[in-house]
Amino acid sequence: MWLGKRFFDVFFSLLGLIVLSPVFLVISIWIKLDSEGPVFFRQRRVGRNQKNFFIHKFRTMYVDAEKRGLKITVGRDTRITKCGHVLRKFKLDEFPQLIDVLIGEMSIVGPRPEVPQYVAKYPEEKRNKLFLMKPGITDWASVMFKNENELLEKSQDPEKTYISEILPIKISYYEKYQDQASLFTDVRIILLTLKEIFIK
């Protein structure tokens, strides 16, 4: 981990929460008007040192959606709400993770946190290394797999495809970030993420 990363995370997560607070309010109202249920979606993820935590996201699916399908979403998943499709398209559902960064569970940039079900599929010999750093809101894998849902939609068995084909590639990107972590790398990933979201 590069020197000053925690300061970087605290400063920009706090700044982001303050600046984006009006956006948070509008999105919260939209979610409540669009469907019944809470504004935030909380899900167990695996963080640094394989410690579980509950991630914050804006809710983009109907209540109890996880009980009616896979942990992953595929294409135009019918469990996704109307406003959820827009929030996911522009990654607005990820904004509340700034809360997780501020309280120290996550970083702005770092390997994406997975659910325990898929972490169990990580190669045993790589597992310790993969959890030396805090997970992040964005990383190389987030940039490279921006259209993951569309890719899975083409598969006859999306979960099998995710575990056997996509997850190994993501793990290689997680390792790449850990080997190259620096202020320059973090800024580059952030800029690439913004480019992929807003420049189609």
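Draft legend 1. View of the side chain of Thr60. Take Thr60: it is sitting in the loop between strand E2 (52-58) and helix H3 (82-89). Only 2.8 Å separates the side chain of Thr60 from the side chain of Arg88, close enough to count as a polar contact. Residues within four places of Thr60 in sequence aside, it is in contact with Arg79, Ile80, Thr81, Gly84, Leu87, Arg88 and Asp93.

Draft legend 2. Quick peek at the pattern of salt bridges. A full pass over the atoms with the stated rule returns 10 salt bridges. Residue Arg112 is joined to Glu94 by a salt bridge in which the shortest nitrogen-to-oxygen separation is 3.5 Å. Of the two residues, Arg112 sits in the loop between strand E3 (107-109) and helix H5 (116-119) while Glu94 sits in the loop between H3 and helix H4 (97-102), which places them 18 residues apart along the sequence. As a salt-bridge pair, Glu148 and Lys170 come within 2.7 Å of each other at their nearest N and O atoms. Remark: Lys170 occurs in helix H9 (residues 158-180) and Glu148 occurs in helix H8 (residues 148-153); sequence separation between them is 22 residues.

Draft legend 3. How the structure looks around the environment of Glu150. Secondary-structure assignment places Glu150 in helix H8. Residue Glu150 is classed as partly exposed on the basis of its relative accessible area, which comes to 42%. Through-space distance from the C-alpha of Glu150 to that of Ser182 is 31 Å; in sequence the pair is 32 residues apart.

Draft legend 4. Geometry of the environment of Glu66. By secondary structure assignment, the location of Glu66 is in the loop between E2 and H3. Expressed as a C-alpha distance, the spacing of Glu66 and Pro111, which sit 45 residues apart in the sequence, is 23 Å. With near-sequence residues (within four places) excluded, Glu66 lies in contact with Phe41, Gln43, Lys71 and Arg79.

Draft legend 5. Summary view of the packing of helix H1 (residues 5-19) against helix H2 (residues 21-34). Relative to each other, H1 and H2 sit at 55°, their axes nearing to 4 Å. Comparing their axes, H2 and H1 come out oblique. Contact residues: H1 offers Leu17, Ile18 and Val19, while H2 offers Ser21, Pro22 and Phe24. Here the residues of the contact of H1 with H2 are counted per class, giving five nonpolar, one polar and no charged.

Draft legend 6. Layout of unusual backbone geometry. Positive phi is not limited to glycine here, since Asn49 has a value of about 60°. Looking at the element boundaries, Asn49 is found in the loop between strand E1 (40-46) and E2. The phi torsion at Lys91 lies on the positive side, around 60°, for a residue other than glycine. Structurally, the position occupied by Lys91 is in the loop between H3 and H4. The exposure class assigned to Lys91 is partly exposed, which follows from its relative accessible area of 30%.

Conventions and cut-offs
Residues numbered from 1 in each chain as written. Predicted model: local features only at pLDDT ≥ 70, side-chain atom pairs only at ≥ 80, totals over all residues. Heavy atoms only, no water. Helix = DSSP H or I, 4+ residues; strand = E, 2+ residues; numbered from the N terminus. Polar contact = N/O pair within 3.5 Å; in protein donor to acceptor, adjacent residues only side chain to side chain. Contact = heavy atoms within 4.5 Å. Salt bridge = Lys/Arg side-chain N within 4 Å of Asp/Glu carboxyl O. Buried < 20%, exposed > 50% of the residue type's maximum accessible area, 1.4 Å probe, protein only. Axes fitted to C-alpha atoms, helices over the stretch in contact; angles between N-to-C directions. Parallel < 35°, antiparallel > 145°, perpendicular 65-115°, else oblique. Nonpolar A, V, L, I, M, F, W, Y, C, P; charged D, E, K, R; others polar.

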